[in-house]
Amino acid sequence: MIDLKEFEVWFVTGSQHLYGEETLKKVAEHSTIIAASLNDAKQIPVRVVFKPTVKSTEEIYSICEQANTTKNCIGIIAWMHTFSPAKMWIGGLKIMQKPLCHLHTQFNRDIPWNDIDMDFMNLNQSAHGDREFGFMVSRMRKNRKVVVGHWQDPEVLEELNTWTRAAAGWNDWQGAKFVRFGDNMRLVAVTDGDKVEAEYKFGYAVNTHGIGDLVQVINQASDAAIDALIEEYERAYTLVPSLQKGGAQYSSLRDAAKIEIGLRTFLEAGNYKGFTDTFEDLHGMTQLPGIAAQRLMASGYGFAGEGDWKTSALVRAMKVMGSGLPGGNSFMEDYTYHFDPANPMVLGSHMLEICPSIADGKPSCQIHPLGIGGKADPVRLVFNSAAGPALNASLIDMGNRFRLLVNEVEAVAPFHDLPKLPVARVLWKPYPDMKTGCAAWILAGGAHHTGYSQNLTATHLQDFADMAGIEFTLIGKNTSLFQFKNELRWNEVYYQINK
Ligand code: MN
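Treat the numbers as computed from the prediction; the structure is a model and nothing was measured.

A. Structural context of the coordination of the manganese ion. Glu-306 (OE), Glu-333 (OE), His-350 (NE2) and His-449 (NE2) make up the full set of protein donors to the manganese ion, lying at 2.1 to 2.2 Å. Between the donor residues of the manganese ion, the gaps in sequence give the motif E-x26-E-x16-H-x98-H. With Glu-306 in the loop between strand S10 (302-304) and helix H12 (309-321) and His-350 in the loop between strand S12 (345-349) and strand S13 (364-367), this residue pair connects regions lying 44 residues apart in the sequence. For Glu-306, a relative accessible area of 8% corresponds to the buried category. Given the relative accessible area of 2%, His-350 is considered buried.

B. Spatial organisation of the sheet that holds strand S9 (residues 274-276). With parallel pairing, 4 strands are arranged side by side in an open sheet as S7-S6-S9-S10. Every interior strand has two partners, whereas the edge strands, strand S7 (205-209) and S10, have only one. Neighbour to neighbour, the strand axes of the sheet diverge by 20 degrees on average, direction disregarded. In this structure, strand S6 (residues 177-181) lies alongside S7, joined through 5 bridges in parallel fashion. Looking at the pairing, Lys-177 lines up with Ala-205 of S7.

C. View of the pattern of salt bridges. Counted under the stated rule, the structure contains 19 salt bridges. Between Asp-110 and Arg-109 there is a salt bridge; the shortest N-O distance is 2.9 Å. Taken together, the shared-partner salt bridges in this structure form one network comprising Glu-232, Glu-260, Arg-264 and Arg-295.

D. Focus on the packing of helix H13 (residues 434-443) against helix H15 (residues 481-497). Contact pair H13 / H15: the axes reach a minimum separation of 10 Å and the direction vectors enclose 10 degrees. Judged by the inter-axis angle, H13 sits roughly parallel to H15. Of the residues in H15, those touching H13 at Thr-436, Ala-439, Ala-440 and Leu-443 are Leu-481, Phe-484, Lys-485 and Leu-488. Considered class by class, the residues forming the contact of H13 with H15 number 6 nonpolar, 1 polar and 1 charged.

E. Summary view of the sheet that holds strand S4 (residues 100-104). Strands sit in the order S2-S1-S3-S4-S5 across an open sheet of 5 strands; the sheet is parallel. Since the sheet does not close on itself, it has two edges, and those belong to strand S2 (47-54) and strand S5 (145-148), each with one partner. Averaged over all pairs of adjacent strands, the angle between their axes in this sheet comes to 25 degrees, without regard to strand direction. Here 6 bridges tie strand S1 (residues 8-14) to S2, and the two strands are oriented parallel to one another. Bridge pairing links Gly-14 to Val-54 in S2. Set on the sheet, helix H1 (residues 21-40) makes contact with S1, S2, strand S3 (73-80) and S4; between it and S2 the angle comes to about 170 degrees.

F. Quick look at the nonpolar core. Grouped together as the largest cluster of nonpolar side chains are 57 residues, with contacts concentrated most on Trp-173, Phe-202, Tyr-204 and Leu-404. With 9 residues, the single largest contributor to this core is helix H6 (residues 154-173). Those residues within four positions of Phe-202 in sequence are excluded, and the remaining contacts are Trp-170, Trp-173, Gln-174, Glu-197, Leu-395, Phe-402, Ala-468 and Ile-470. Counting residues in hydrophobic clusters, the runner-up holds 32 residues, among them Ala-221, Tyr-237, Phe-383 and Ala-411.

Calculation rules
- Residues numbered from 1 in each chain as written.
- Predicted model: local features only at pLDDT ≥ 70, side-chain atom pairs only at ≥ 80, totals over all residues.
- Heavy atoms only, no water.
- Donors = N, O, S within 2.8 Å, 3.2 Å for Na, K, Ca; no water.
- Helix = DSSP H or I, 4+ residues; strand = E, 2+ residues; numbered from the N terminus.
- Buried < 20%, exposed > 50% of the residue type's maximum accessible area, 1.4 Å probe, protein only.
- Pairing = 2+ DSSP bridges.
- Axes fitted to C-alpha atoms, helices over the stretch in contact; angles between N-to-C directions.
- Salt bridge = Lys/Arg side-chain N within 4 Å of Asp/Glu carboxyl O.
- Parallel < 35°, antiparallel > 145°, perpendicular 65-115°, else oblique.
- Contact = heavy atoms within 4.5 Å.
- Nonpolar A, V, L, I, M, F, W, Y, C, P; charged D, E, K, R; others polar.
- Core = buried A, V, L, I, M, F, W, Y, C linked by side-chain atoms within 4.5 Å.

On their own, these measurements won't tell you what the molecule is for.
What follows is the structure, given as structure tokens:
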């Protein structure tokens, strides 16, 4: 879907002229080796590009300027092998718009006890050189990731993996376009928000098209294209008899395919990265897009229902961040609860639109009536989802700021058949426990809509929120309600002051 190898992060080493040519030669040699090793590391999904050592205010400014204007550069990894006086960094950091990761590492893993002398000390001084750099970034109140450890340490590589994925998601939002068919679902609050502020803060634009514009494209889908898509459905899913050729509702499957072709054509033509629709505005459509929204999500498009453009954009970013990892990312909604005190859990689903990237096994393609929208029965994919660690993320507009809220959950294997439930579904237990998890979510104003992920961690989303410069709150294994409520109160003050 999205090939992260298209993107690069620049490995920039800071130094100065004080040490003389011999030392600088060594610095260049070492940083070349580290950059090449990171570039070759299987854990890092993007290319890591070596940049020559920067030793002056002018060189630093220039590399930051180049990073800003290089399209496929999604961030900078900075390391101070030697001491790089940080006043030299002010100008560059001031203009730098790409995410920054400070790799606090050292070329040698171990101290060479028997051989260590002052030459060695002069060369290998990132232990204090990186502190000087860190001071300036903190002094300038710039968000960045700090990764500590030897550059061959698997944990360090894993942290860089996470950060580069967050940077890829952030990069994807810059200049992105999302289309909204119809408006927000009438009277609903949390799915709405400030699209002007979102474009300013996040870099993506959300604009509307009347549903008639889409219907026109849907109606242009050719019979041959519909035939080909139905063959694909037949290969990928188990069709219920009524949807098979000659079945009583085969024409509904053709309608569904036609909608998918129209939507995909519309999104491709407009260069959109995702969309949202609403069952309240389907004029001229035969059925609410079910399988179409599901399959478009599986192709990498962002989606959320009922005009929820924030969740649509978030789902897209999560898909980019998780690209190439096992497991999937989907639009999700906390639907209904199992309040058995011995085994409490949440059943997540939506009316139709859950992404088959999280399906466990071959989805079943079914058709059932839908009580809302007043249209013909929509076709949808029905499936269960696998057990394992997962999370729900919600991006909410608090009026004075955006908050990214994450709840770590444990997905549970289905332990009961749901013969009458005609939608894809997931069962999970929120961390730290059902009552605390749900109470904290509600206190934080988390939406009923989320991005559900099987392959991202809270750290991916925290790094992402740092890049966006927005509030990040986590409900995880160690959350206590007492502390969480304090955090929300303190954040309220912090974000009033730090505008
Ligand atoms: Mn919904």
